[in-house]
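# Examining the three-dimensional arrangement
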Amino acid sequence: MQGENASLTPEPGHLYVVATPIGNLADLSQRALSILEKVDCIACEDTRNTGLLISRIFEEKRPLIAYHDHNEKKIASPLVDRIESGESIALVSDAGTPAISDPGFRLVRECRKRGIPVVPVPGACAFTTLLSASGLPSSSVLFVGFLPPKSAARKRFLEENKELKHTIALYESCHRIEKFLKEIVEILGPEREICIGRELTKKFETILTGPSSEVNAKLSNSSKKGEFVVLIAPIDFKL
Ligand code: SAM
């Protein structure tokens, strides 16, 4: 096991995959703070967002480099060259855990290919945050990230997974959440247990659970603004 001080100080030639809060700044871990303060460079999805986070937690600026969906193919290899030459680099995304429905996979993969140590610095992740407070079965979960935006493809997904014996976890946009809940009621039935989490860890955090028809009705009476996670119970779930 690493000693406490060692784990708080980045080592040369390492990539640190650092989770950041999904809303509540106080959720940033002590270890994440220390790594972000001390690494040579922070690779981030959006330099403005991470710049804002840095300005809230440190007095001084930190060196940032953009690493996002549109440049990751191009930039992953030169970033790994820098790590190979002895730099320590932290990878962060706009919120939550990098590489979970966020950029990061290529960089991590390239490091692993070249034998570079990749160190996870865990923290918030939107779907595990909701899962832990949902009361739905959590021992076996299928996480699918974002479903395709087209209604036909989402309906097909629900049809194909109608009888799944695992909880399904997914991310949905505020523009589609109402429609998606209606599709759940229609395809999985009004009795299927679901849970939706809106604005988790933030001021207007809302968690709605129950049969899909009830959650659907509750949602139509509450705000649809913000970010959403959806959990769908397995077909055979009964309390
Ligand atoms: N890497 C992130 C993680 O670890 O959860 C996920 C990034 S993904 C691009 C962003 C999506 O996660 C949002 O559209 C929303 O569905 C979900 N999400 C992020 N923060 C959230 C929050 N505070 N409350 C509810 N859902 C959230």
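Please refer to the structure placed before this passage.
Right, let's walk through the structure included here. Remember, it's a predicted structure, so these values are computed and weren't measured experimentally.

What follows is about the sheet that holds strand 7 (residues 167-172). Strand order in the open sheet formed by five strands is 6-7-10-8-9, with mixed pairing between adjacent strands. Both edges of this open sheet fall to strand 6 (141-146) and strand 9 (206-211), since each of them pairs with a single strand only. Taken over all neighbouring pairs, the strand axes of this sheet differ in orientation by 15° on average, direction set aside. Across four bridges, the pairing between strand 6 and strand 7 is parallel.

Before going further, it helps to spend a moment on the nonpolar core. Leu158, Ile184, Ile196, Val230 and Ile232 are the most contacted members of the largest nonpolar core, which has 19 residues in total. Elements with a contribution of two residues or more to this core: helix 7 (151-160), strand 7, helix 8 (177-188), strand 8 (193-198), helix 9 (212-220) and strand 10 (228-232). In contact with Ile232, other than residues within four places in its own chain, are Leu136, Leu158, His166, Thr167, Ile168, Ile184, Leu188, Arg192, Glu193 and Ile194. Residues Ala43, Ile83, Cys111 and Val118 belong to the second largest nonpolar core, which totals 17 residues.

Attention now moves to unusual backbone geometry. In the Ramachandran plot, Ala99 falls in the positive-phi region, its phi being about 70° despite a non-glycine side chain. In this structure, Ala99 sits in the loop between strand 4 (89-92) and helix 5 (105-113).

So, on to the pattern of salt bridges. This structure, assessed with the given rule, holds 13 salt bridges. Glu172 is the partner of Arg154 in a salt bridge, and the nearest nitrogen-oxygen pair spans 3.6 Å. Here the residue Arg154 occupies a position in helix 7, and Glu172 occupies one in strand 7, the gap between them amounting to 18 residues.

Two numbers describe how helix 4 (residues 72-84) lies on helix 5: the axes approach to 9 Å, and their chain directions differ by 40°. In terms of orientation, helix 4 lies oblique with respect to helix 5. In terms of crossing hand, the pair formed by helix 4 and helix 5 is right-handed. Seen from helix 4, the contacting residues are Glu72, Lys73, Ala76, Ser77, Leu79, Val80 and Ile83; seen from helix 5, they are Phe105, Arg106, Leu107, Glu110 and Cys111. Looking at side-chain class alone, the contact of helix 4 with helix 5 contains seven nonpolar, one polar and four charged residues.

Turning our eyes to something else, we now look at the state of the cysteines. Here, the word disulfide means a covalent bond between the sulfur atoms of two cysteines. As enumerated under the stated definition, the model contains zero disulfides in all. Cysteine Cys174 remains unbridged, with the sulfur of Cys195 as its closest cysteine sulfur at 18 Å. In this structure Cys174 comes out as partly exposed when scored by relative accessible area, which is 26%.

This part covers the packing of aromatic side chains. Taken as a whole, this structure holds three aromatic pairs when the rule is applied. Ring geometry for Phe127 versus Phe143: centroids 4.0 Å apart, planes at 10°, classification stacked. Of this pair, Phe127 sits in helix 6 (residues 126-134) while Phe143 sits in strand 6, and the two are 16 residues apart along the sequence. Classification of Phe143 by relative accessible area gives partly exposed; the value is 26%.

Analysis parameters
Residues numbered from 1 in each chain as written. Predicted model: local features only at pLDDT ≥ 70, side-chain atom pairs only at ≥ 80, totals over all residues. Heavy atoms only, no water. Pairing = 2+ DSSP bridges. Helix = DSSP H or I, 4+ residues; strand = E, 2+ residues; numbered from the N terminus. Axes fitted to C-alpha atoms, helices over the stretch in contact; angles between N-to-C directions. Core = buried A, V, L, I, M, F, W, Y, C linked by side-chain atoms within 4.5 Å. Buried < 20%, exposed > 50% of the residue type's maximum accessible area, 1.4 Å probe, protein only. Contact = heavy atoms within 4.5 Å. Salt bridge = Lys/Arg side-chain N within 4 Å of Asp/Glu carboxyl O. Parallel < 35°, antiparallel > 145°, perpendicular 65-115°, else oblique. Left-handed = near helix turned anticlockwise from the far one by under 90°. Nonpolar A, V, L, I, M, F, W, Y, C, P; charged D, E, K, R; others polar. Disulfide = S-S within 2.5 Å. Phe/Tyr/Trp six-rings, centres within 6.5 Å; stacked < 30°, edge-to-face > 60°.

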